[in-house]
Amino acid sequence: MKESILHYIWQQKLFTAHSLHTTEDEAVEVIDVGKLNTDAGPDFFNAKVRIGNTLWAGNVEIHTRASEWYKHNHQHDKAYDSVILHVVKYADASVSRSDGEKIPQLELVYPVRIEENYEKLISGQKWISCSDKIADIPAIFIQSWETALLTERLEQKMNAIQQLLNGNNQHWEEAFYIILARSFGFGANSQAFEMLAKSLPLTALAKHKNHLFQIEALLFGQAGFLDDELLDEYGLQLKKEYDFLKIKFSLRPINVEQWRLLRLRPDNFPQIRIAQFAALIHGSTKLFSRILERPELEYLNGILKTEPSDYWKTHYLFGHESPQKSKKLGKDSINSILINTIVPFLFCYATQKGNQDLKDKSIQLLEQIPAEKNTIVIGWQNIGLKVENAFESQALLQLKKRYCDEKKCLRCRIGHKVLTI
Ligand code: SF4
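What you see is a predicted model, and the numbers here were worked out from it, not measured in a lab. (Residues numbered from 1 in each chain as written. Predicted model: local features only at pLDDT ≥ 70, side-chain atom pairs only at ≥ 80, totals over all residues. Heavy atoms only, no water.)

Engineer: Would you mind showing me how to read the nonpolar core here?
Structural biologist: If you look at soluble globular proteins, the nonpolar side chains tend to sit buried side by side. Counting 131 residues, the largest nonpolar core has Trp 10, Phe 318 and Ile 414 as the members making the most contacts within it. Considering every element that reaches this core, the biggest residue donor is helix 13 (residues 331-353), with 11 residues. When residues are assigned to domains, this core turns out to be shared by domain 1 (3-110) and domain 2 (170-368), each giving three or more. Sequence-distant contacts of Ile 414, defined by excluding residues within four places in its chain, comprise Cys 130, Ile 134, Ile 137, Phe 141, Ile 142, Trp 145 and Leu 399. (Core = buried A, V, L, I, M, F, W, Y, C linked by side-chain atoms within 4.5 Å. Buried < 20%, exposed > 50% of the residue type's maximum accessible area, 1.4 Å probe, protein only. Helix = DSSP H or I, 4+ residues; strand = E, 2+ residues; numbered from the N terminus. Domains from an automatic or database assignment. Contact = heavy atoms within 4.5 Å.)

Engineer: Whenever I open this one, the packing of helix 5 (residues 172-183) against helix 10 (residues 270-281) confuses me. Can you help?
Structural biologist: Put simply, helix 5 and helix 10 touch, their axes get as near as 10 Å, and they point 150° apart. With respect to each other, helix 5 and helix 10 are oriented roughly antiparallel. Relative to helix 10, helix 5 is oriented so that their crossing is right-handed. Contact residues: helix 5 offers Tyr 177, Leu 180 and Ala 181, while helix 10 offers Phe 277, Leu 280 and Ile 281. (Axes fitted to C-alpha atoms, helices over the stretch in contact; angles between N-to-C directions. Parallel < 35°, antiparallel > 145°, perpendicular 65-115°, else oblique. Left-handed = near helix turned anticlockwise from the far one by under 90°.)

Engineer: I would appreciate a short explanation of the packing of helix 15 (residues 375-382) against helix 16 (residues 390-404) in the present structure.
Structural biologist: For any two helices packed against each other, one specifies the crossing angle of their axes together with the interaxial distance. Remark: helix 15 packs on helix 16, axes separated minimally by 10 Å, with the N-to-C direction vectors making an angle of 95°. Comparing the axis directions of helix 15 and helix 16 gives the class roughly perpendicular. Along the contact surface, helix 15 presents Ile 376, Val 377 and Trp 380, while helix 16 presents Ser 393, Leu 396, Leu 397, Leu 399, Lys 400, Lys 401 and Cys 404. Class assignment for the residues of the contact of helix 15 with helix 16 results in seven nonpolar, one polar and two charged. (Nonpolar A, V, L, I, M, F, W, Y, C, P; charged D, E, K, R; others polar.)

Engineer: It is not clear to me how the site of the ligand should be interpreted in this structure. Could you clarify?
Structural biologist: Ile 128, Ser 129, Cys 130, Tyr 403, Cys 404, Cys 409, Cys 412 and Gly 415 make up every residue found near the ligand. Across the shell around the ligand, the residue classes tally to six nonpolar, two polar and no charged. (Near = heavy atom within 4 Å.)

Engineer: I'm lost on the pattern of salt bridges in this one. Help?
Structural biologist: Opposite charge on two side chains allows them to pair when their charged atoms are near. This model, assessed by the stated rule, comprises 18 salt bridges. In this structure, Lys 408 and Glu 406 form a salt bridge, with 2.7 Å as the shortest nitrogen-oxygen distance. Judged by its relative accessible area of 40%, Glu 406 is partly exposed. Several salt bridges share partner residues, and in doing so they unite Arg 182, Glu 194 and Lys 198 into one network. (Salt bridge = Lys/Arg side-chain N within 4 Å of Asp/Glu carboxyl O.)

Engineer: Looking at this structure, I do not really get the domain arrangement of the chain. What am I missing?
Structural biologist: A common way to report how large an interface is uses the accessible area buried once the components associate. Partitioning the chain into structural domains gives domain 1 (3-110) and domain 2 (170-368). A straight line from the C-alpha centre of domain 1 to that of domain 2 covers 58 Å.

Engineer: Hey, could you run me through unusual backbone geometry in this one?
Structural biologist: Glycine aside, residues mostly have negative phi angles, and peptide bonds mostly take the trans form. Even without being a glycine, Asn 73 presents a positive backbone phi close to 60°. Within the fold, Asn 73 resides in the loop between helix 2 (68-71) and strand 6 (83-90). On the basis of relative accessibility, which here comes to 43%, the residue Asn 73 falls in the partly exposed class. The phi angle at Arg 263 is positive, at roughly 60°, despite the residue not being glycine. Note on placement: Arg 263 falls in the loop between helix 9 (233-248) and helix 10. On the basis of relative accessibility, which here comes to 80%, the residue Arg 263 falls in the exposed class.

Structure follows, in structure tokens:
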């Protein structure tokens with residue numbers, strides 16, 4: 001039996017609380033279970049219990065079997081001298097502090113179904129181990145858990161943004177440019193896009209923001225795509241421009257080997273994504289300021305729906321002509337950038353500036369964007385959950401990855417309901 005379930009039962013006060021007695025038959029009243037300690041030392045800090053007529057304040061240690069106290073050598077460890085109560089499932093030994101003084105012990109009694117439900121959750125092999133119980137959980141309860149999960153997810157994304165800001169003197173536009181570039185990699189080329197953006201200062205692009213050709217020359221040149229022997233006339237012109245700009249800004253291109261084309265649909269080729277990114281940068285290098293001014297879905301869609309230069313209408317690669325087709329960013333790609341980059345950035349900015357109105361608007365954006373289509377979202381829908389917008393899909397992605405997959409049912413609010421049903 002896992003000790004974590006005993007921690008959980010103690011922390012949530014799910015034990016039978018009336019007529020508690022120590023193994024020495026002294027009455028016990030639990031006034032405060034204390035605070036769970038996940039580091040070294042006793043399991044719960046600052047608990048308060050009345051044993052007999054004495055009120056004790058101190059720490060609580062929990063074991064399945066009392067004899068584990070000795071297995072873990074707590075009897076010699078001064079960090080455990082502060083333990084006021086040893087809580088166990090089976091009191092198979094009496095225990096003492098380093099000076100030999102006995103520690104009161106309490107055998108925990110609780111409904112057997114909690115342990116049974118927990119075993120089912122932990123040993124379940126289904127995609128979601130509580131899937132047969134989800135239908136019994138009120139929708140309002142799941143919605144409130146989703147709100148907490150979404151906040152947790154945005155806070156995690158915020159940490160990555162914060163790290164970038166700490167490394168560049170809180171330059172929001174520069175940090176946004178790097179994370180935005182990363183999002184144009186759509187997974188397979190995210191790393192390469194980030195390297196590209198870091199190799200090419202936003203200030204260099206800003207000097208040429210009104211000339212799409214020069215922005216393309218800078219981006220394709222820095223990406224390493226202009227050393228290709230198969231360059232056609234357009235590519236050769238870009239190379240000529242890049243050779244000049246490279247000296248002007250003392251640039252060093254990244255290694256072209258960073259880019260992946262294998263198993264990608266042509267629309268997702270890095271050359272197409274770079275052309276789209278160039279079109280987005282064209283005309284405005286202060287994108288984040290524009291977004292802050294109008295964090296509205298229609299406006300943001302308009303900003304992202306950029307058309308790459310004409311050359312790319314008939315090409316997926318340099319020097320290979322293909323039938324004419326618009327290479328505008330598609331709806332799913334735009335939504336992905338909104339969900340994974342723009343909303344987290346707005347949320348991070350709003351949090352740092354204490355702007356609750358902007359924080360609310362960033363969350364509302366997610367409510368207006370359709371749910372992502374991926375195996376996790378489909379999985380939740382298949383077991384009966386409603387997943388209609390990005391607010392819900394992002395929350396449920398967080399639940400699956402950070403709780404279900406890691407078997408953290410004891411920290412999940414649905415898990416709490418399922419255990420006590
Ligand atoms: S973490 Fe929560 S939702 Fe996931 S399987 Fe456990 S109880 Fe169910």
